[in-house]
Amino acid sequence: MNRTGILFQIVVSMALAAALVAWVVGDLARRYETQRLTQQLAEQADLTVSLLGGLMLDAIIVEDVPVLETGLTEAIARNSKLLAIQILSEDRTVIAEASARSKSEPRSYVMYDRPVEWDGVVFAHMVVKWSTSEGEVMVQEKVRQTILWTVLSVGALSVLVLFLTHMLAMRPLQMIHQRMSDAISGLKRPTVHLPWYASREYWALNFSVGVMEDTFVERDEREFALEQAREAADIANGAKSEFLANMSHEIRTPMNGVIGMAELILETDLDEDQKMYAETIATSGSALLTIINDILNFSKIEAGKMELESEAFNLQISMEDVVTLLSPTAAEKHVEITLRYDPDLPVVFEGDVGRIRQVITNIVGNAVKFTMEGYVSIDVSGSAKGDLCDLNITVTDTGIGIPEDKIDYIFNAFEQVDGAATRNFEGTGLGLAISARLLRLMGGDISARSDPGAGSVFTMRLPLLVSGKSCEPVWPDHIDLNGLKVLVVDDLELNRTILFERLTTWGMHCTLAASGHEALNVLAETCARGETFDLVLQDYQMPGMDGCELAFKIRAIPQYAELPLVILSSVDHSMDAGTRQALGACELALKPVRSAQLHSVISRSLRPISVALTPSNASKTVLQKDKNLRVLLAEDNKINQLVVQKMLKDTPAEIFIAANGVEAVQMYRDSRPDVVLMDMMMPEMDGLEATMIIRQLETENHLDHCPIIALTANAMPADKEKCLQAGMDGFLSKPISKKALWSAIEKSSEIIDVLRTGT
Ligand code: ADP
């Protein structure tokens, strides 16, 4: 915006003030002069009338008209301002009159009517018409002069004010402003000193600008130092991330040897001590691996290199996965994990399911770790606005809790509650830091509340896009549960609520009982009313009357001898086959039960004939022992060669070993293996290049597709991407377990089967 300068503003203000003053002064002068002129004319009229009256009194008395008119004409001729005179008798009739000879009627005049008297006796009246034109011209001239002088003096005064303003105010102000601008823009110029006559206020302002200059200089120096430090830190951070990635790779390779060998040792005949040693090696190895993964994750997020993926996934199943994973550890401590998934919430979302699972596993894992007795409950709720759903995931535990003064720090890296109690738990102090950062990357956040000694509540907010894709759970048995009446018996209220919600979504009518006794009462009352239930869904571990006792008591009631029972238990083999047989239509499900599993077990209990076929062993492809599978292992590390060989010892795989990519390609040419296990980093030629050459050979010679599985210590998703791009079919991150290796080979053998039957 173009702003006017203060001098211009002063000039305009002064001009306006001068105009106003000139107008006011002009008006006053005009009034004054007009008044003076009127007064003068009146005096002159009085004088004229008394003179003429005196001179012509005799003629007036005798009404000698000629004499009077001569006298009047004479008087008019002598005074140019006199326009006309009339002499009127007592009764206002004209006795004599005379007027100036000018033809045109003057524009402005005044008339005076005065009595002609002698010794107090009025003889006649004289009306004098007096021209004011001349007087008015004089008045105007006077007014003009007054205005002129006023404007000139105001103008002169303004110039003086302008000069003084410039010298006393503007100049010092401009100098200070210049100095201030230089300081702000960081310009170095020789210091200009204020003129000696500058006022005290400007000296104070100038001093403050000096202080500001010093502060700016300090700030600039600090910023420069900070910038340098930041650059150095960036370089160090980059180096750190690279170092960590390298170290992770270097550590993973020998860890593969340690964990793999420990796993193999455990399969041999060992005495108690040896078994304990081998188990310690295996668990310590796994713990070390978790730490490495944590550090790698954290450094990646810190270096800003964490990239989130997006795919459609079923959140409910992912949550159930976490519960299934952690339940064995919780069950060892008799801690129950419950999951409530709001039935009104969509289940399929778009997001990085791996990272979301990592965060939930970490928070629920902590809750389980720090809870000695009681329960850990997960609650998933939220509100959807259009495509976006604001999820609220709450994890509540009844564990040791977190002291109030520590609660703000636990989300910092390497921060652990420094109590003797916490020291007993394993951990790096990175889990929450990673979770909080991952959630922030996903647009969410995490907070914690705790009551030390009573438990903690971790609340995660996570905005996720609701996916348009359908991942509706598929119930394998297709039994419609709608309208069925079920009695739910569980001592834990939370469990009753969760089961109630789940069963109600399937259209079942639930009645809840908090104990075996209450359940029996409900059953008896229902019986008395002549009604019945279609199913009883009951917990196994309950105080007072346990699930088994309740089941037998139900069977003892004649009306319920055939009633389908489903017992949920946290302990495997809690009822032996004999007991189950004695109970008749009774299904046992291991807690935690997933939605799909619960649906399936209820369906089975309602249709006992279908029990015979369990889906877990119906469809699995198992390699036949006599089938010879030729596996080419391209791996430069001797220990890892040994680990893989030993892991595949009991399988029908025949293993050829190539120590680098060149050898691998050569051996592929010579012996055409069924599967290739390919290390990524090898001397001479790496796994990626070798894979590409093999794929090229296949295309050129129209050979069958040979599955290639990457075996690598590089754990980054980008590495996986590279492997797949090079033409590999699978990816196994070291350290590999026997189970993972075997299932990857099994999968690839399915590919072979499919391809072979296809040809
Ligand atoms: P770690 O569990 O590996 O020590 P985390 O970052 O996951 O590291 O947790 C940091 C600390 O926060 C833990 O060491 C523990 O002191 C505290 N903490 C986290 N979750 C809980 C919980 N559910 N109950 C009590 N303390 C907890």
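An account of the accompanying structure is given in this report. (Residues numbered from 1 in each chain as written. Predicted model: local features only at pLDDT ≥ 70, side-chain atom pairs only at ≥ 80, totals over all residues. Heavy atoms only, no water.)

### What about the site of the ligand?
Thinking step 1. In the neighbourhood of the ligand, 21 residues make up the surrounding shell, with N366, K369, D397, Q416 and L432 lying closest.
Thinking step 2. Here an oxygen atom of the ligand and a side-chain polar atom of N366 are 2.7 Å apart.
Thinking step 3. Between an oxygen atom of the ligand and a main-chain N or O atom of G431, the distance comes to 3.3 Å.
Thinking step 4. Here the ligand loses 97% of its free accessible area of 520 Å² to cover by the protein chains.
Thinking step 5. The set of elements that each furnish at least two residues to the shell around the ligand consists of α8 (353-369), α10 (431-441) and β11 (455-466).
Thinking step 6. Per element, the largest residue contribution to the shell around the ligand is four residues, and it comes from α8. (Near = heavy atom within 4 Å. Polar contact = N/O pair within 3.5 Å; in protein donor to acceptor, adjacent residues only side chain to side chain. Areas by Shrake-Rupley, 256 points an atom, 1.4 Å probe, with all protein chains shown as cover. Helix = DSSP H or I, 4+ residues; strand = E, 2+ residues; numbered from the N terminus.)

### Digging into helix α3 (residues 65-78)
Thinking step 1. Relative to the 20 Å expected for 14 residues at 1.5 Å per residue, α3 spans 20 Å between its end C-alpha atoms, a close match to the ideal helical length.
Thinking step 2. Taken together, the buried positions of α3 are occupied by L68, L72, A75 and I76. In an axial view of α3, the angular spread of the buried residues amounts to 100°, which keeps them on one side of the axis. The exposed set on the far side of α3, more than 90 degrees from its buried face, consists of P66, T70, A77 and R78. (Expected span 1.5 Å × (residues − 1). Buried < 20%, exposed > 50% of the residue type's maximum accessible area, 1.4 Å probe, protein only. Arc of directions from axis to C-beta.)

### Quick notes on the packing of helix α4 (residues 133-185) against helix α5 (residues 200-266)
Thinking step 1. Between α4 and α5, the shortest axis-to-axis distance is 9 Å and the interhelical angle comes to 5°. In terms of their interaxial angle, α4 and α5 are classed as roughly parallel. Counting all contacts with α4, which are made through L168, A169, P172, L173, I176, R179, M180, A183 and I184, the residues of α5 involved are Y202, L205, N206, V209, G210, M212, E213 and F216.
Thinking step 2. Here the residues of the contact of α4 with α5 sort into 13 nonpolar, two polar and two charged. (Axes fitted to C-alpha atoms, helices over the stretch in contact; angles between N-to-C directions. Parallel < 35°, antiparallel > 145°, perpendicular 65-115°, else oblique. Contact = heavy atoms within 4.5 Å. Nonpolar A, V, L, I, M, F, W, Y, C, P; charged D, E, K, R; others polar.)

### Considering the pattern of salt bridges
Thinking step 1. The tally for this structure, following the rule as stated, stands at 24 salt bridges.
Thinking step 2. Two residues, R30 and D27, come together in a salt bridge whose shortest N-O distance is 3.8 Å. Of the two residues, R30 and D27 are both situated in helix α1 (residues 6-55); the distance of three residues between them amounts to about one turn of the helix.
Thinking step 3. Judged by its relative accessible area of 25%, D27 is partly exposed.
Thinking step 4. The residue E213 makes a salt bridge to R179 at a minimum N-O spacing of 3.2 Å. Taken together, the residues span a long stretch of sequence, with E213 in helix α5 and R179 in helix α4 at a distance of 34 residues. (Salt bridge = Lys/Arg side-chain N within 4 Å of Asp/Glu carboxyl O.)

### Quick look at the packing of helix α11 (residues 493-505) against helix α15 (residues 595-606)
Thinking step 1. The N-to-C vectors of α11 and α15 enclose an angle of 70°; their axes lie 12 Å apart at closest approach. Considered as vectors, α11 and α15 are oriented roughly perpendicular to each other. When α11 is examined against α15, the residues L499, R502 and L503 are found in contact with a partner set consisting of S595, L598 and I602.
Thinking step 2. The residue inventory of the contact of α11 with α15, partitioned by class, reads four nonpolar, one polar and one charged.

### Focus on the sheet that holds strand β15 (residues 565-569)
Thinking step 1. Ordered by their spatial adjacency, five strands build an open sheet running β13-β12-β14-β15-β16, and the pairing between neighbours is parallel. For this open sheet the edge positions go to β13 (509-513) and β16 (586-590), each flanked by a neighbour on one side alone. Averaged over all pairs of adjacent strands, the angle between strand axes in this sheet comes to 20°, irrespective of strand direction.
Thinking step 2. By the bridge criterion, five bridges tie β15 to β16 in an arrangement that is parallel. Across the sheet, the residue bridging to S569 is L590, located in β16.
Thinking step 3. Strand contacts of helix α12 (residues 516-528): β12 (485-489) and β13, with the helix running at about 155° to β12, the strand carrying the most contacts.
Thinking step 4. Packed on one face of the sheet, α15 meets β14 (535-539), β15 and β16 and runs near 165° to β16. (Pairing = 2+ DSSP bridges.)

### Quick notes on helix α18 (residues 661-671)
Thinking step 1. Within α18 the residues assigned to the buried category are G661, A664, V665, Y668 and S671. Burial along α18 is one-sided: seen end-on, the buried residues are contained in an arc of 160°.
Thinking step 2. Its buried side turned inward, α18 meets β17 (629-634), β18 (653-658) and α19 (687-701).
Thinking step 3. With a side-chain oxygen positioned 3.0 Å from the backbone nitrogen of V662, the residue opening α18 is N660.
Thinking step 4. In the stretch just after α18, R672 is the one whose phi turns positive, near 40°.

### Let's talk about the nonpolar core
Thinking step 1. Counting 52 residues, the largest nonpolar core has V364, I378 and V380 as its most contacted members.
Thinking step 2. Among the elements that take part in this core, α8 stands out by supplying eight residues, more than any other.
Thinking step 3. Ignoring anything within four residues of it in the chain, the contact list for V380 reads L315, M319, L339, R340, Y341, D342, L345, L391, N392 and I393. (Core = buried A, V, L, I, M, F, W, Y, C linked by side-chain atoms within 4.5 Å.)

### Structural notes on the sheet that holds strand β19 (residues 675-679)
Thinking step 1. With parallel pairing, five strands are arranged side by side in an open sheet as β18-β17-β19-β20-β21. Edge positions in the sheet fall to β18 and β21 (730-733), since each has one partner strand and no second. For this sheet, the mean angle separating the axes of adjacent strands, direction not counted, is 20°.
Thinking step 2. With four bridges connecting them, β19 and strand β20 (residues 708-712) associate as parallel partners. Each bridged residue has a counterpart across the sheet, and for V676 the counterpart in β20 is I708.
Thinking step 3. Running at roughly 170° to β18, helix α17 (residues 638-647) makes contact with β17, β18, β19 and β20 of the sheet.
Thinking step 4. Strand contacts of α19: β19 and β20, with the helix running at about 150° to β19, the strand carrying the most contacts.

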